[in-house]
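# Residue-level structure breakdown
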Amino acid sequence: MLENADLGFIDKLVAEAFHQEGPGRPPRKPLGVFKAHLAKRFLGIRGIRELERRLWSDSRLRQLCDLEAEEPAYGRTILSRFPMRIGVERLQQIIDHILKGLKKVGLVEGENVAMDASFIKAYSRIDMRTRLGCSDPDARIGRSWRGYGLGYNLHLSVDADAELPVAFTTTPANIRDIHEAPNLLKATRRKLPRGVKHLTADRGYSSDPFRAEVRRRGIEPIIPYRINQHKGEKGLLRIDRRFKPHGPTRLKRLYRKRSAIERVFSRLKEQLSLRNHKVRGLVNITLHVQLCLIGMLLNAQAAINANKPSKTLSLTYYAN
């Protein structure tokens, strides 16, 4: 993947975060450390200590991360400080640059966009007196995949046809999907200023003001109405208790594209270690999410550059 991906822009951007001359110790190959963080997510390495051990013992991983035969591995201090040193803005520039290239080759067209949120469990236990995280005060209690839990929400929009991320926001878990939806919509429109025809989301986004905001931007909302909304009105898309859609055939066909975002979340969690982390704080969670998204986008870019378009969604192809 690293051989086929375009890393020139990334190399220049991450190098800017470190001093190149003057007093002080010279930096340890910023691009190599960046590659180590990508490998950490592709290989399911949870902690920095384990990553450091693997960099000492795994010759293949050392070669991937630009370490010479007799060169010491990147230390845990260098590895742990690297994401914060690079910062949210630079990582976002990397995401935007890769996404722009994928749009140029026609992989990401943005005609159909799906939107949803997913829970990320905090690396902390709950303080029962304050209902906050003992070691992570930014985390909040919110709805998770099993009732309620302490953590954060990743609000994500994806190209439903390419099944690749477009825009995201991260919030504490107590922020509801519909409350963050306008911010996510604005971020999506900045990445896809034209060409978006349909926005698909589940009934958690069913709100007349949000539908009006989507239509104002020239996009058709494909969002099912709740059972208590517009009672008796025909021609509306609705979902029953078994999650079966009812309504016009055209709307039901478009609503099927919403499943694309569920597959994207599944790949991020199971194959890029989104939920398998040891970071605390909203900023660190955002950095972790950005590195996971960069891994997914770089994988698609590498597959296109290698003339293997069928592997754009196979995150295990390069990791084996």
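Just above, that's the structure.
In what follows, the accompanying structure is described. (Residues numbered from 1 in each chain as written. Predicted model: local features only at pLDDT ≥ 70, side-chain atom pairs only at ≥ 80, totals over all residues. Heavy atoms only, no water.)

## Re the environment of Gln290
Assignment of secondary structure puts Gln290 in helix 10 (residues 282–305). You can call Gln290 buried: its relative accessible area is 0%. Remark: the alpha-carbon pair of Gln290 and Leu254, spanning 36 residues in sequence, is separated by 29 Å. Residues in contact with Gln290, not counting those within four places in the same chain, are Val88, Leu91, Gln92, Ile95 and Phe168. (Helix = DSSP H or I, 4+ residues; strand = E, 2+ residues; numbered from the N terminus. Buried < 20%, exposed > 50% of the residue type's maximum accessible area, 1.4 Å probe, protein only. Contact = heavy atoms within 4.5 Å.)

## A look at the pairing of strand 6 (residues 164–172)
Burial of strand 6 is extensive: nine of the nine residues sit out of reach of the surface. The sheet contact formed by strand 5 (residues 147–159) and strand 6 spans eight bridges and is antiparallel. Bridging across to strand 6, Asn153 finds its partner in Thr171. Counted along the chain from strand 5 to the antiparallel partner strand 6, the turn is four residues long, and its residue Glu163 has a positive phi close to 55 degrees. (Pairing = 2+ DSSP bridges.)

## Here we look at helix 3 (residues 48–57)
Inspection of helix 3 places Leu51, Glu52 and Leu55 among the buried residues, and these make up the whole buried set. Along the long axis of helix 3, the arc covered by the buried residues comes to 100 degrees, so they all point the same way. Residues of helix 3 that are exposed and angled more than 90 degrees away from the buried face: Arg49, Arg53, Trp56 and Ser57. Against helix 2 (30–42), helix 4 (59–64) and helix 5 (76–104) lie the buried residues of helix 3. (Arc of directions from axis to C-beta.)

## Some points on the packing of aromatic side chains
Centre distance and the angle of the planes are the two values used to describe a pair of aromatic rings. Inspection of every chain in the model, using the stated rule, returns two aromatic pairs. With 6.0 Å between their ring centres and 20 degrees between their planes, Phe18 and Phe82 make a pair best called stacked. On the criterion of sequence distance, the pair formed by Phe18 in the loop between helix 1 (8–15) and helix 2 and Phe82 in helix 5 is long-range, its members being 64 residues apart. Taken together, a centroid distance of 6.3 Å and an interplanar angle of 40 degrees make the contact between Tyr205 and Phe210 tilted. (Phe/Tyr/Trp six-rings, centres within 6.5 Å; stacked < 30°, edge-to-face > 60°.)

## A short note on the nonpolar core
Judged by nonpolar contacts, the single largest core of 87 residues is most densely connected at Phe34, Leu55, Leu156 and Phe210. Top contributing element to this core by residue count: helix 10, with 13 residues. Core analysis: the next-biggest nonpolar cluster, separate from the first, contains six residues, Leu237, Leu251, Leu254 and Tyr255 among them. (Core = buried A, V, L, I, M, F, W, Y, C linked by side-chain atoms within 4.5 Å.)

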